[in-house]
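The residues making up each chain are set out below.
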Amino acid sequence: MTTWLVTGGAGYIGAHVVRALIDSGRDVVVYDDFSAGLARRIPEGVPIVEGDVHDAVTLAHTMRSHEIDGVVHLAAKKAAGESVDLPLYYYRENVVGLLSVLEAMEGTGVRRMVYSSSAAVYGTPAVNPVTEDEPLRPESPYGETKVVGEWMVRDAGVAWDLSWASLRYFNVAGAGSDALGDTSVNNLIPMVFAALDEGRRPQVFGDDYPTPDGTCIRDYIHVQDLADAHVAAAERCEAGRCADVFNVGRGEGSSVHEVMGVISAAVGRDIAPEVVGRRAGDPPATFASTSRIEAELGWRATRDLPSMVESAWSAWQANH
Ligand code: WQD
C-alpha cells in the first residue's frame, strides 16, 4: 500500500485528511511545524516530522527515509483578511513553501500530489454554481497565492511526470470528533459560537445583498466529506496520470440567515443574531458545481449542514 506525506497534517483539515487516508488503508507521515497544528490531533503511531515547509533538505530526507509515494500539501496560511495586511508573508508561506515541497519531490522521485487550493481563486463568480472553467479573479493575496500554487503544480506536471489534483475547497465546517474541532475563530460558525460564549449577539454582516433573503450565500462542506475527497484524489493519482483541478463543495448554497437558524436549532435556543454592516470583500453568493469531481473522482458530499453545525457545536463545547 502507498505512503502519503501530509504537510500540515496536524491542522484542523489535515487531521481529518490523515484519518481518512489511514481508514482507506494507506500509510501516512505527518510533516508540520506546529505553528498552528496540534500534536494531539495526530493519531497514535503515525510518524511525525516537525519541520518548516521551506526546509527542502528535511523534506527530501523525509521523502526518502519514509519512502513517500505521494504528498498531500495542506501546510499554508489561509486567512484571506490577514493576507491583505501581510501579502509577502502569505506569498512566502504559500508559494515559496510549495516551491520547496515540489523541489524536494522532484529531487526524490515523488510523483503524486494532492494540492490544497480554494474557492477563493474565483473571487466573486459571475455565475453560480461555479464551474472549474470560471475565470480566476482572486480578491485577496491569499486567493492569489492559491492561483500561483495551482500554476506551479500544473507546470511541474508538464515538466516532469507529476500526477496531481488541485482541490478548490469551499467553506469547510464541522468536526469528525470532539477532539478535532476547528480551534481557529476565523469563520462564520466558530465566530457565532465565540459570540454566544461571550454573551454577545452573533452578527450578520449585511442583509442587503442581491440574494433571496439579503444575506450572503456560501457552499458549506463537512470537513469529513472534504477529507474523503482527498482520498478519492489520492486514489486517482495512484491509478495513473491525473492533471486537473476540482471544486470540493456540496453543490448548493446556504445563506447566513439559514446558517444562523441551523445554529439556533443545534444550541437549542434563538441565538438572536443582529444585522450589522457588510464586511468588505464578501461576494454575495458562491457555491460549487461538483459535476467534475463526481464524474472524475466518483466523490460527492454526504453530510448536511445540520451535521456540520451539530458536530462543530459539540466539539466547541468539549474544548471551551
Ligand atoms: C462566511 C459568510 C460572511 C462571520 C473564507 C475565506 C475563504 C475560505 C473560507 C480558505 C460570509 C458571513 C461571517 C460572521 C457573518 N478560506 N459572516 N458573520 O469569507 O466565505 O471564506 O473562509 O480557503 O478563502 O475567504 O467565510 O466563514 O468568513 O464567512 O455574517 O460573524 O458568513 O460575511 O458571507 P468566507 P466566512
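These figures come from a predicted structure and were not determined experimentally.

**Section: the pairing of strand β4 (residues 70-73)**
Reasoning step 1: Of the two faces of β4, both are covered, the one formed by G70 and V72 as well as the one formed by V71 and H73.
Reasoning step 2: Relative to β4, strand β1 (residues 3-7) runs parallel, the two being bridged by four bridges. Paired with T7 across the two strands is H73, which belongs to β4.
Reasoning step 3: Bridge count for β4 against strand β5 (residues 112-118) is three bridges, and the pairing is parallel. Each residue of the ladder has a partner; that of V72, found in β5, is V114.

**Notes on the sheet that holds strand β9 (residues 217-218)**
Reasoning step 1: Spatially, the three strands line up as an open sheet ordered β12-β9-β14, and their pairing is mixed. Of all the strands in the sheet, just β12 (254-255) and β14 (285-286) have a single pairing partner and so form its edges.
Reasoning step 2: Bridge count between β9 and β12: two bridges; the pairing is antiparallel. Directly across from I217, in β12, lies its bridge partner S255.

**Here's the deal with the site of the ligand**
Reasoning step 1: Neighbouring the ligand are 19 residues, the closest being Y142, L188, Q203, R218 and D282.
Reasoning step 2: Separating an oxygen atom of the ligand from a side-chain N or O atom of S118 is a distance of 2.9 Å.
Reasoning step 3: The side chain of Y142 places a nitrogen or oxygen atom 2.7 Å from an oxygen atom of the ligand.
Reasoning step 4: For the ligand, the accessible surface in isolation is 680 Å², of which the surrounding protein chains cover 88%.
Reasoning step 5: When residues of the shell around the ligand are traced back to their parent elements, those giving at least two are α6 (188-197) and β8 (203-205).
Reasoning step 6: Per-element tally for the shell around the ligand: the top contributor is β8, with three residues.
Reasoning step 7: Class assignment for the residues of the shell around the ligand results in 10 nonpolar, five polar and four charged.
Reasoning step 8: Inspection of the shell around the ligand shows a minimum of three residues originating in each of domain 1 (3-172 + 220-248) and domain 2 (173-218 + 251-319).

**Re the packing of aromatic side chains**
Reasoning step 1: A full pass over the atoms with the stated rule returns five aromatic pairs.
Reasoning step 2: Arranged with centres 6.4 Å apart and planes meeting at 35°, the rings of Y122 and F170 form a pair that is tilted. Of this pair, Y122 sits in the loop between β5 and α5 (141-159) while F170 sits in the loop between β6 (163-169) and β7 (171-173), and the two are 48 residues apart along the sequence.
Reasoning step 3: The class of Y122 is buried, set by a relative accessible area of 0%.
Reasoning step 4: Under the relative-accessibility criterion, F170 is labelled buried at 5%.
Reasoning step 5: Ring geometry for F193 and W313: centres 4.9 Å apart, planes at 50°, overall tilted. Of this pair, F193 sits in helix α6 while W313 sits in helix α10 (residues 305-319); the two residues are 120 residues apart in sequence, bridging distant segments of the chain.
Reasoning step 6: Looking at F193, the relative accessible area reads 1%, which means it is buried.
Reasoning step 7: Since its relative accessible area comes to 15%, W313 is described here as buried.
Reasoning step 8: Put simply, the rings of Y89, Y90 and Y142 pair up and form one aromatic cluster.
Reasoning step 9: Stacked on the ring of Y209, the Lys or Arg R278 has its end atom at 4.0 Å from the ring centre.

**A short note on the pattern of salt bridges**
If the charged atoms of two oppositely charged side chains come close together, the side chains can form a pair.
Reasoning step 1: By the definition in use, this model includes 16 salt bridges.
Reasoning step 2: Residue R111 pairs with D161 through a salt bridge whose shortest N-O separation is 2.7 Å. Of this pair, R111 sits in the loop between α4 (87-108) and β5 while D161 sits in the loop between α5 and β6; the two residues are 50 residues apart in sequence, bridging distant segments of the chain.
Reasoning step 3: Across the pair R137 and E134 runs a salt bridge whose closest N-O atoms are separated by 3.4 Å.
Reasoning step 4: E134 sits in the buried class, given a relative accessible area of 9%.
Reasoning step 5: The structure contains a network of salt bridges with shared partners spanning E132, D133, D244 and R292.

Criteria and thresholds
- Residues numbered from 1 in each chain as written.
- Predicted model: local features only at pLDDT ≥ 70, side-chain atom pairs only at ≥ 80, totals over all residues.
- Heavy atoms only, no water.
- Buried < 20%, exposed > 50% of the residue type's maximum accessible area, 1.4 Å probe, protein only.
- Helix = DSSP H or I, 4+ residues; strand = E, 2+ residues; numbered from the N terminus.
- Pairing = 2+ DSSP bridges.
- Near = heavy atom within 4 Å.
- Polar contact = N/O pair within 3.5 Å; in protein donor to acceptor, adjacent residues only side chain to side chain.
- Areas by Shrake-Rupley, 256 points an atom, 1.4 Å probe, with all protein chains shown as cover.
- Nonpolar A, V, L, I, M, F, W, Y, C, P; charged D, E, K, R; others polar.
- Domains from an automatic or database assignment.
- Phe/Tyr/Trp six-rings, centres within 6.5 Å; stacked < 30°, edge-to-face > 60°.
- Lys NZ or Arg CZ within 6 Å of the ring centre and 35° of its normal.
- Salt bridge = Lys/Arg side-chain N within 4 Å of Asp/Glu carboxyl O.

Function cannot be read off these values alone, since they describe shape.
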